[in-house]
Amino acid sequence: MGLKKIQTAVFISGTGSNLKNLIKFSRIKKSPINIKLVVSNNLKSKGLNYAKRSKIKYKVFKFQKNNISEKKALLYLNNNRIRLICLAGFMKILSKNFIKKFKGKIINIHPSLLPKYKGLNTHERAIKNGEKFSGCTVHYVSSKLDSGKIIKKKRVKILKKDTPNSLKKRILREEHILYPKAVKKVCANL
Ligand code: GRF
């Protein structure tokens, strides 16, 4: 692991397929990042197994509203010299203070073509509205949910036979291609 690599933390809450994919990407010689930490709000996140398997340090913080656990998380990130945070299915909303402390250094992947379908149940809503396309977006995290500056987007066609689940699977495959590309772009400007 080259010393010049950008020390990165990935935040998850669930399955962690994007985490798994980012770990794979980080181990390519030319990758600009080293995933130093995995952070979760949920000890039961399946994704933590990828951290264990890959021998990456991981830690659970509750991220409750009182901000105490968030402060502990901030300290932990700083102690580990983290310079980039990739949210990957992280279901907690970070406070304004936290975002300010990592200004321009937190990015997220969202399963829709932002600014359309912010929030949850994106696939179901896109299908119900008769959209012809959906997709995924990587964006900077700002204090307004799913509204920060867009880094990269990928369009995915919605098929007539699509269910929210089949669409989700197809979009996830594109997420796994898009997220590393977006990370490269962000790192070039860090
Ligand atoms: C992805 O669809 C991502 O866009 C959204 O949450 C999901 C996480 O999936 N923010 P995984 O945990 O990476 O498999």
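So, how was this worked out
- Residues numbered from 1 in each chain as written.
- Predicted model: local features only at pLDDT ≥ 70, side-chain atom pairs only at ≥ 80, totals over all residues.
- Heavy atoms only, no water.
- Helix = DSSP H or I, 4+ residues; strand = E, 2+ residues; numbered from the N terminus.
- Rg over C-alpha atoms; globule rule 2.2 N^0.38 Å.
- Buried < 20%, exposed > 50% of the residue type's maximum accessible area, 1.4 Å probe, protein only.
- Contact = heavy atoms within 4.5 Å.
- Areas by Shrake-Rupley, 256 points an atom, 1.4 Å probe, with all protein chains shown as cover.
- Axes fitted to C-alpha atoms, helices over the stretch in contact; angles between N-to-C directions.
- Parallel < 35°, antiparallel > 145°, perpendicular 65-115°, else oblique.
- Left-handed = near helix turned anticlockwise from the far one by under 90°.
- Nonpolar A, V, L, I, M, F, W, Y, C, P; charged D, E, K, R; others polar.

Focus: the overall build of the protein chain
Turning to step 1, where the next piece is worked out: Within the protein chain, the secondary structure is distributed over 6 helices and 7 strands.
Turning to step 2, where the next piece is worked out: Each helix and strand of the protein chain, ordered N terminal to C terminal, gives the series β-α-β-α-β-α-β-α-β-α-β-β-α.
Turning to step 3, where the next piece is worked out: The C-alpha atoms of the protein chain give 16 Å as radius of gyration, which agrees with the globular expectation for 190 residues (16 Å, within 12%).
Turning to step 4, where the next piece is worked out: By principal-axis analysis of the C-alpha atoms, the protein chain measures approximately 50 × 40 × 30 Å.
Turning to step 5, where the next piece is worked out: Per-residue burial over the protein chain gives 47% buried out of 190 residues.
Turning to step 6, where the next piece is worked out: Counting contacts in the protein chain only where the partners sit at least 6 residues apart, residues at least 24 apart contribute 63% of the total.
Turning to step 7, where the next piece is worked out: Per element, the accessible surface of the protein chain, about 11100 Å² overall, is 54% carbon and sulfur.

Observations regarding the packing of helix α1 (residues 17–26) against helix α6 (residues 164–188)
Turning to step 1, where the next piece is worked out: Between α1 and α6, the shortest axis-to-axis distance is 10 Å and the interhelical angle comes to 45°. Relative to α6, the element α1 is oriented oblique. Read as a crossing pair, α1 and α6 show a hand that is right-handed. Between α1 and α6, the residues in contact are S17, N18, N21, L22 and F25 and L172, E175, H176, Y179, P180, V183 and K184, respectively.
Turning to step 2, where the next piece is worked out: Residues of the contact of α1 with α6, tallied by class, amount to 6 nonpolar, 4 polar and 2 charged.

By themselves, these are just geometric observations and shouldn't be taken as functional.
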